[in-house]
Amino acid sequence: TFALSINNYFDRENDKNSIKIRKNPIASGKLTKREGIALPFLLAVIGMALIPWQHWVLYALFLLNGFLYSWKFKGMPLVDLASHGIYVSALFAIPAQSMGFSPVMILAGSALVFLVSTAIQMENEIGDHDADKKARTMTTSVRFGIPLSKKIYYWCNMGCLAFLGALFLVSGDFRFLIFVPLALCSLARLDARIIGANFEKLSLSYTAAALLIIAVF
């Protein structure tokens, strides 16, 4: 929520002149500029109060990455994808660490989430290509064009599936296969509208369920 809120703040001027204005409460006038910058930091403090103090440093680093993504990294080709992937991987890493997962499971799960998140961000940039180009935001999609961006999207998803298979073959741990359906849905997201329209809700719910299954077994 911090990342979305701070992103709305930095995108407020560009979103005023695009169809994304309805998704940005600052650009649409529902929030003032001052309220828009205060909200993400209030959410960050609340989030820090809800997690064990042992994880505050890791949490702060991920918040910093989210801030830098919206402020600078979004306009830096390839860096925008990496920054987004790192931030979203925290949604797995921090809860997994709190739940006592092994370091190998945390690193492997975070890497998988990173690849899927990178693919999701690539798909979003393809959809926002014209608006970002008009706003002169040099995203990966704008820099390399849509054809190559689609290839990057598929490469990320195929890399995720290959990584899952390799982890299972090396470790023999079936829990790595839990993420295969999510990776397959991500791979089909760009071409299957029904999956693309619901993927973000699906991915969050599936990741939460996967965490519970891994913790139990």
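Residues numbered from 1 in each chain as written. Predicted model: local features only at pLDDT ≥ 70, side-chain atom pairs only at ≥ 80, totals over all residues. Heavy atoms only, no water.

A. Representation of the overall build of the protein chain in the model. The helix and strand tally for the protein chain stands at 11 helices and zero strands. Counting the 217 residues in the protein chain, one finds 41% classified as buried. Intrachain contacts of the protein chain at a sequence separation of at least 6 include 62% that bridge at least 24 residues. Carbon and sulfur atoms form 69% of the exposed surface of the protein chain, whose accessible area is close to 12100 Å². (Helix = DSSP H or I, 4+ residues; strand = E, 2+ residues; numbered from the N terminus. Buried < 20%, exposed > 50% of the residue type's maximum accessible area, 1.4 Å probe, protein only. Contact = heavy atoms within 4.5 Å. Areas by Shrake-Rupley, 256 points an atom, 1.4 Å probe, with all protein chains shown as cover.)

B. Structural view of the packing of aromatic side chains. All chains considered together, the criterion is met by six aromatic pairs. Pairing F2 with F41 gives two aromatic rings, centres 5.9 Å apart and planes at 75°, and the pair type is edge-to-face. Pair noted here: F2 is in helix 1 (residues 2–10) and F41 is in helix 3 (residues 33–50), with a separation of 39 residues, a long-range link. With centroids separated by 6.5 Å and ring planes inclined at 50°, the aromatic side chains of F41 and F67 adopt a geometry described as tilted. Of the two residues, F41 sits in helix 3 while F67 sits in helix 4 (residues 56–71), which places them 26 residues apart along the sequence. Each residue in the set F2, Y9, F10, F41, F67 and W71 is aromatic and connected to the rest through ring pairs, giving one cluster. (Phe/Tyr/Trp six-rings, centres within 6.5 Å; stacked < 30°, edge-to-face > 60°.)

C. Quick look at the packing of helix 6 (residues 103–127) against helix 9 (residues 146–171). Look at helix 6 against helix 9: their axes get within 9 Å of each other, and the N-to-C directions meet at 165°. For the element pair helix 6 / helix 9, the angle class is roughly antiparallel. Where helix 6 crosses over helix 9, the two elements pack in a sense that is left-handed. Of the residues in helix 9, those in contact with A108, A111, L112, L115, V116, T118, A119, M122, E123 and I126 of helix 6 are I146, S149, K150, I152, Y153, C156, N157, G159, C160, F163, L164 and L167. Of the residues that constitute the contact of helix 6 with helix 9, the class distribution is 16 nonpolar, four polar and two charged. (Axes fitted to C-alpha atoms, helices over the stretch in contact; angles between N-to-C directions. Parallel < 35°, antiparallel > 145°, perpendicular 65-115°, else oblique. Left-handed = near helix turned anticlockwise from the far one by under 90°. Nonpolar A, V, L, I, M, F, W, Y, C, P; charged D, E, K, R; others polar.)

D. How the structure looks around helix 1. With seven of its nine residues buried, helix 1 lies for the most part within the structure. Looking only at helix 1, the buried set comprises F2, A3, S5, I6, N7, N8 and Y9. Packing partners of the buried residues in helix 1 comprise helix 2 (12–16), helix 3, helix 4 and helix 5 (79–98).

E. Examining the nonpolar core more closely. Of all hydrophobic cores here, the largest spans 20 residues; its most connected members are F92, F101, C160, L164, F176 and F179. Of all the secondary structure elements, the ones that give two or more residues to this core are helix 5, helix 6, helix 9 and helix 10 (180–188). Broken down by element, the residue count for this core peaks at seven residues, all from helix 6. Membership of the second largest hydrophobic core comes to 11 residues, among which are I6, Y59, L63 and A90. (Core = buried A, V, L, I, M, F, W, Y, C linked by side-chain atoms within 4.5 Å.)

F. Main features of unusual backbone geometry. In this structure, L78 takes a positive phi of about 70° despite not being glycine. When you line up the elements, L78 lands in the loop between helix 4 and helix 5. You can call L78 partly exposed: its relative accessible area is 46%.

G. Main features of the confidence of the model for the protein chain. Across the protein chain, the average pLDDT comes to 80, with 88% of residues at 70 or higher. Taken element by element, the protein chain is modelled with least confidence in helix 11 (residues 193–216), mean pLDDT 65, and with most confidence in helix 8 (residues 140–144), mean pLDDT 92. (pLDDT = per-residue confidence, 0-100.)

H. Seen up close, the side chain of S141. Considering the arrangement of structural elements, one finds S141 in helix 8. By relative accessible area, S141 is classed as buried at 0%. S141 has contacts with M122, E125, I126, H129, I146 and S149, leaving out every residue within four places of it along the chain.

I. Broad picture of a nonpolar patch on the surface. Taken together, the side chains of L39, L42, I46 and L50 present a nonpolar region at the surface, about 390 Å² in accessible area. With respect to the element layout, L39 can be found in helix 3. (Patch = residues over 30% accessible without salt bridge, like charges linked within 9 Å, V, L, I, M, F, W, Y side chains within 5 Å. Salt bridge = Lys/Arg side-chain N within 4 Å of Asp/Glu carboxyl O.)

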